[in-house]
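Close look at the chain arrangement
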Amino acid sequence: MSAIDWFKKAVIYQVFIDRFHGFQKTKNLPEFLGGNINGVIEKLDYLVSLGINVIWLSPFNESLNYHGYHITDFKKVDPHFGPEEDLKRLIGEAHNRGLHVIADFVPNHCSVQHPLFQDAYHNRMSKYSEWFIFEQWPEKYRCFLNFAELPKLNLNNSEVRNYMIAIADYWLSLGLDGFRIDHAIGPTHRFWKIFKKKMKARYPQAVFIGEVWCEGLDKNLFKTTGLKNKTLKRRFGISQEDIQLEYYGELDGVLDFTLNTMLVEAARNGVDLLSSKKLKSKIKKHFQQVPSDYFMVTFLDNHDMDRFLLHCKGNIKVLLDAFELLLSLNHPVVIYNGTENCDYNKTPIDVSIPNSDLSVRVPFDWNGINREFSEGLRNLIIKYRE
């Protein structure tokens, strides 16, 4: 039996810390609204009652932004979310209730305001100039895709690699049960092999799930990734499915964007998700290519994507059918916080519009939980996972 068999039946709840519970402001703005770790603790019993057995926390490290991905200190919990003691208490309280806790891990890049990058940017002789990839110092440097505010860490440098692995080690030592790894295509495959070997030696029960997503990736951005050369040569013929399989043996699994695309297209086209033979055939073919010891983590939406209900045209029955389909597939399933409100963005996210993604990061309305949906979801979890 594998040390991570506990993850096979995972029903994961994605907690967007700043928007989940404990916030003081309810107006949806691109700033910290006040949601915190203590607020998550207060809702643990609610999550248990829903049938959740794994919590996924958005990044809690010190950051410039409410979402946590513009990190300025990997070693600290952002004070907006509370002290480190609150994180320790959350992990302990969750474990006492039989819940596992995984967290977002962001190894590929940091904020342009991170002290180490600032040192490298302003001082040509800085020891940290080798911690980043300057193509022409100081203005031209590699970053997360084409976002200049997120300089890419040079994980090919052994000092940087050891630093980031030590960061992962520290947070796991507090009791975390694993990581959802942000932009896992950024670091090289060599990094992931070294990372897994070191982490599994110390935490064999920890699970490492990658966000291996190539949406919007064109040939000009390939150099910012660690994808295999044979993948790069395919240029615009990249297969999301193939890229997901690249990380077998390096990560324990990936978020299944391939399946997500299938379901989104089916919902848009009015396909009956539970009875369509064509859809079932496509899904079966997809999973036949996946090794049995490689997790495909299924989901309908997340903090970067349109709410699935948009594709369902607001039809709650279709949303429940989609979750029934996922649960019946016997793979880990993610539920993004706020799904229970059955509210959704009425127009698609437009990446050309700043903060367009706020429409899928609305503060959780605890008075607006849709009972029909939440009870239906709870019954489905009982039916398929207990």
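You'll find the structure just up there.
Just so you know, these numbers come straight off a predicted model, no measurement behind them.

With respect to the packing of aromatic side chains
- What the rule picks out here adds up to 30 aromatic pairs.
- Ring centres of phenylalanine 117 and phenylalanine 134 lie 5.9 Å apart, and the angle between their planes is 15 degrees; on these two criteria the pair is classed as stacked. Taken together, the residues phenylalanine 117 in helix α5 (residues 115–122) and phenylalanine 134 in strand β6 (residues 134–136) connect sequence positions 17 residues apart. Here phenylalanine 117 and phenylalanine 134 have matching classes, each one buried.

Some points on the pairing of strand β1 (residues 11–15)
- With 5 of its 5 residues buried, β1 lies for the most part within the structure.
- Side chains of β1 alternate between two faces, with Val11, Tyr13 and Val15 and Ile12 and Gln14 buried alike.
- Pairing of β1 with strand β14 (residues 333–336), which is carried by 4 bridges, proceeds in the parallel orientation. Bridging across to β14, tyrosine 13 finds its partner in isoleucine 335.
- Here β1 pairs with strand β2 (residues 54–57) via 4 bridges, running parallel. For valine 15, the partnering residue across the bridge sits in β2 and is leucine 57.

Rules used in this analysis
- Residues numbered from 1 in each chain as written.
- Predicted model: local features only at pLDDT ≥ 70, side-chain atom pairs only at ≥ 80, totals over all residues.
- Heavy atoms only, no water.
- Phe/Tyr/Trp six-rings, centres within 6.5 Å; stacked < 30°, edge-to-face > 60°.
- Helix = DSSP H or I, 4+ residues; strand = E, 2+ residues; numbered from the N terminus.
- Buried < 20%, exposed > 50% of the residue type's maximum accessible area, 1.4 Å probe, protein only.
- Pairing = 2+ DSSP bridges.

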